[in-house]
Amino acid sequence: VLRFGEMNRPDIIINCAGLTNIEECENDISKAYKVNALGARNLSIIARKLEAKLVHISTDDVFDGLSDKPYNEFDVTNPRTVYGKSKCAGEGYVKEFTQRHFIIRSTWVYGEGYNFVNKFIEETKNKGEVTVASDQFGSPTSAEELAKFILHIMTTGEYGTYHATCKGVCSRFELAEKIAEILGRDVKIHPVPSKDNEFS
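Residues numbered from 1 in each chain as written. Predicted model: local features only at pLDDT ≥ 70, side-chain atom pairs only at ≥ 80, totals over all residues. Heavy atoms only, no water.

1. Comments concerning the environment of G168
Consideration 1: On the secondary structure map, G168 appears in the loop between β8 (160-163) and β9 (170-171).
Consideration 2: Spatially, the C-alpha atom of G168 lies 15 Å from that of I179, the residues being 11 residues apart in sequence. (Helix = DSSP H or I, 4+ residues; strand = E, 2+ residues; numbered from the N terminus.)

Here it is in structure tokens:
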């Protein structure tokens, strides 16, 4: 990473890399920290050396999810999962090693790649019924809209931590129902507690 940075000398570095699979993080703690924490540290070091801006994509999983109101940028982090802890450690390295940073926490991002929306679409192609958590709430966020925010903020000097999501709140269950409705997919969706959830 350091050699690549020195050879290419970017003005802005956007760190979208992350091990986001919750189960994989729990099963391979070392890998989770290497990707989510040490990766962020390495990018922060080269960003400082080059005096480049660093955009670091983080997550709402740095919080414990127990609040009954939306979190803001000043709330104290308290991650409960290895994923959340490793991303929180990554944020710490970014703050420690470079001042010219934007930490952007988002949630329930959908677009190309691995995410709830695509997983639900794929899983329900051949299933007539699924279970989805009714006690998890968030703001489904378009990767395209998040990218627009990143492109805007990175041109400024307004360094710091930001929460960036699309408007609105729903449960995983409500989101699944809306996806099925949009697709015209005839699938029975059962609302269940998180512990019995098929999708995350």
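2. Description of the side chain of T156
Consideration 1: Note on placement: T156 falls in the loop between α6 (143-153) and β8.
Consideration 2: With relative accessibility at 18%, the residue T156 sits in the buried group.
Consideration 3: Polar side-chain contacts of T156 include one of 2.7 Å to the backbone oxygen of I153.
Consideration 4: In this structure the side chain of T156 is engaged in a polar contact, spanning 3.1 Å, whose partner is the backbone nitrogen of E158.
Consideration 5: Each residue touching T156, except ones within four places of it in the same chain, is listed here: K53 and F102. (Buried < 20%, exposed > 50% of the residue type's maximum accessible area, 1.4 Å probe, protein only. Polar contact = N/O pair within 3.5 Å; in protein donor to acceptor, adjacent residues only side chain to side chain. Contact = heavy atoms within 4.5 Å.)

3. So, the pairing of strand β3 (residues 101-106)
Consideration 1: Within β3, 6 of the 6 residues are buried, which leaves it mostly tucked inside the rest of the structure.
Consideration 2: Once you follow strand β2 (residues 53-59) into helix α4 (residues 82-97) and on to β3, the crossover reads as right-handed.
Consideration 3: Bridging between β3 and β8 involves 4 bridges; their strand directions are parallel. Note on β8: the bridge partner recorded for R105 is H163. (Right-handed = clockwise from strand over helix to strand, strands pointing away. Pairing = 2+ DSSP bridges.)

4. Focus: the packing of aromatic side chains
Consideration 1: As enumerated under the stated definition, the model contains 5 aromatic pairs in all.
Consideration 2: Centre to centre, the rings of F102 and Y159 are 5.0 Å apart; their planes meet at 45 degrees, and the pair counts as tilted. With F102 in strand β3 and Y159 in the loop between α6 and β8, this residue pair connects regions lying 57 residues apart in the sequence. (Phe/Tyr/Trp six-rings, centres within 6.5 Å; stacked < 30°, edge-to-face > 60°.)

5. A word on α4
Consideration 1: Its 16 residues give α4 an end-to-end C-alpha distance of 22 Å, which sits within 8% of 22 Å, the value for a rise of 1.5 Å per residue.
Consideration 2: When we look at burial in α4, the residues that qualify are V82, Y83, G84, S86, K87, G90, E91, V94 and F97. (Expected span 1.5 Å × (residues − 1).)

Any link to function would need more than the numbers given here.
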